[in-house]
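# Topology and contacts: notes
Here is how the chains run, residue by residue.
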Amino acid sequence: MPPTLASLVHHSALKLTVRAGEERLATPVRWAHASELADPVPYMEGGELLLITALKLDAEDPEAMRRYVRRLGRAGVAGLGFAVGVHYATIPDALVDAAAEEGLPLLEVPRRTPFLAISKAVSAAISAEQYQAVTAGFAAQRDLTKQALGGGPAGLLAALAGQVDGWAALYDATGAVVAAAPEWAARRAARLTPEVERLHARTPPASLVVGGEADRVELHTLGTSRRPRAALAVGTGAPLGTAERYAVHSAIALLTLTTERSRSLHEAEQRVGAAVLRMLLAGEPEHARTAAGSLYGDLLDAPYRLIIAEAASATAARAHADGRTAPHGAPRPVDAPRPVAGERAVAAPVRAGEPPAGPLAALAEHVEAAAARAGEALLVVPDGERLVLLTADGGVAARACVGYAAAVDQARTTGQALAGRTDEPVMGLSAPAGPIAAATAYRQAEQALSVARRRGRALVEHEEVATGSVVQLLSDDAVRAFADGLLRALREHDATGRGDLVASLRAWLSRHGQWDAAAAELGVHRHTLRYRMRRVEEILGRSLDDPDVRMELWLALKATSGTE
């Protein structure tokens, strides 16, 4: 406890007497300061015990004293000490009355008590309070360290809650509560998730104070990386004291060490995961199980799904490099196939890379947090501009990916960036697969990713690719350019008004070459239709008896049907 006016009054060596403001003697004293200025307020910070002899004051003027005392009270001065026997034998009644009226504590200082003695007493009390706080802080640090080593983050939070006489909670990178003490605090902490997300958007280290109806909550980021990996919340009924502040800082340091250690282990796991995934893609599931040990539980034995994700900006960059853009400026890339397992010489396209960044980091944190809360095994491997995930079929991690993609699509639909981000991941999800079919799952995920790019969606499952129409794949600019070139000569012929070859060709192909049915649809004689088809062959220099030619023409007509 800092010194108070009451403790100074009870100091046996000072012999101070209370002349006014007895009801405010519990006021803390930050310092003792002597000043004979008629207006010392500009030089005060608040909380001081002001010591005077009234050398330059007309202490017997009631109006002057009211103005003087009123300014001191408004400046936050803790109290006024008046030395008697120097300029005034006793404290003038005008000053006593003004102090009583303002409620400002007024202490009579006997002549034999020098101001220096009062200053020393205040300084000694403040030093003792600070020493006590430092000692308590070291004790709290030892206790928190012991709890962190023995009980992990949960034990540390329980000790911290006791140290600050409040509650504490730990959040993961997504803002979800992973531990809280006492148990009831988890509900209170969960209501602060929006503030934690706002805190994560700041450059660490960052902190935030949130005032509630029943408590005051401090939020602090944890970790040393550019993106906070966790956050600590501390709720108390009043602002933290010095000892409590030491405890909170110790907890932040210990949790940061735990977080950084976890990050190092996480990066090591990713390197192991990359090796395990390479083995799976190379058709060596037994070697993969041996390398993984118990790291991924039964994930490698149960049916799983493989997800490939890349940032939308990477898709756009690849499309720009290929010189292709879709209508409305949206990129429409067509990837060259990546090498995958099954072609054994190049069976490992996945490599251990730098930790994911940007939208892929946000996706990885979201999915990893969901899996961790459910106690579910998950394999995450950064692969250059991509992120590869192996998740249990029907598990929490797979659902988290689908939910994340749905939020991205919803944000795109409403024209709003998700959580302030403009670049979001695009994902392809394979069908359920077993240990010996990892290469097939990888190919399926790549195919689904390619379709997701073309359709402008955040996620496509391979089942959608397998059950969808091939016509949807014709929206690529390169396909349309080919179709326009193939049909250009026919359209130029029709533009001269010498016939309707394009419509006739479409009707004939749609009727599977049945002359009567196609002619009836066009409203012409079948001989007229035969003549038109001969003209198509002459102009194109290709035979309609060739099934490949008929297929190419039909696909060209479908690809350009929306432009006519």
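The structure we're discussing is the one just above.
Because the structure is a prediction, the values reported are computed rather than measured.

What counts and how
Residues numbered from 1 in each chain as written. Predicted model: local features only at pLDDT ≥ 70, side-chain atom pairs only at ≥ 80, totals over all residues. Heavy atoms only, no water. Pairing = 2+ DSSP bridges. Helix = DSSP H or I, 4+ residues; strand = E, 2+ residues; numbered from the N terminus. Axes fitted to C-alpha atoms, helices over the stretch in contact; angles between N-to-C directions. Core = buried A, V, L, I, M, F, W, Y, C linked by side-chain atoms within 4.5 Å. Buried < 20%, exposed > 50% of the residue type's maximum accessible area, 1.4 Å probe, protein only. Phe/Tyr/Trp six-rings, centres within 6.5 Å; stacked < 30°, edge-to-face > 60°.

### Side note on the sheet that holds strand E12 (residues 379-383)
Taken in spatial order, the five strands of this open sheet run E12-E13-E11-E14-E15, and their pairing is mixed. Single-partner strands in this sheet number two, and they are E12 and strand E15 (459-461). Across the sheet, the mean angle from the axis of one strand to that of its neighbour is 15°, orientation sign disregarded. Sheet topology places E12 next to strand E13 (residues 386-392); five bridges connect them, and they run antiparallel. If you follow Val-381 over to E13, its bridge partner there is Val-388.

### Some thoughts on the nonpolar core
It is characteristic of soluble globular proteins that their nonpolar side chains tend to be buried jointly. Counting 28 residues, the largest nonpolar core has Val-276, Leu-277, Leu-280, Leu-306, Leu-379 and Leu-390 as its most contacted members. Counting residues per element, the ones that place at least two in this core are helix H7 (242-281), helix H8 (285-292), strand E11 (304-311), E12, E13 and helix H12 (438-455). In terms of residue count, H12 provides more of this core than any other element does, eight residues in total. Counting 26 residues, the second-largest nonpolar core is a separate cluster that includes Leu-50, Ala-54, Ala-94 and Leu-104.

### Overview of the sheet that holds strand E9 (residues 216-222)
With respect to topology, five strands assemble into an open sheet ordered E7-E6-E10-E9-E8, the strand pairing being antiparallel. Pairing within the sheet leaves two strands with one partner each, and these edge strands are strand E7 (177-181) and strand E8 (207-211). Sheet twist, expressed as the mean angle between neighbouring strand axes with direction ignored, is 15°. The pairing of strand E6 (residues 167-172) with E7 spans four bridges and is antiparallel. From the neighbouring strand, Tyr-171 faces E7, where its bridge partner is Val-177.

### Let's talk about the packing of aromatic side chains
Counted by the stated rule, this structure contains two aromatic pairs. Where Phe-82 meets Tyr-88, the ring centres are 6.1 Å apart and the plane angle is 55°; that geometry is what we call tilted. Note on Tyr-88: relative accessible area 17%, which makes it buried. Taken together, a centroid distance of 5.5 Å and an interplanar angle of 40° make the contact between Trp-508 and Trp-515 tilted. Overall, the relative accessible area of 8% leaves Trp-508 in the buried class.

So, to be careful, I would describe these as geometric facts and stop short of saying anything about function.
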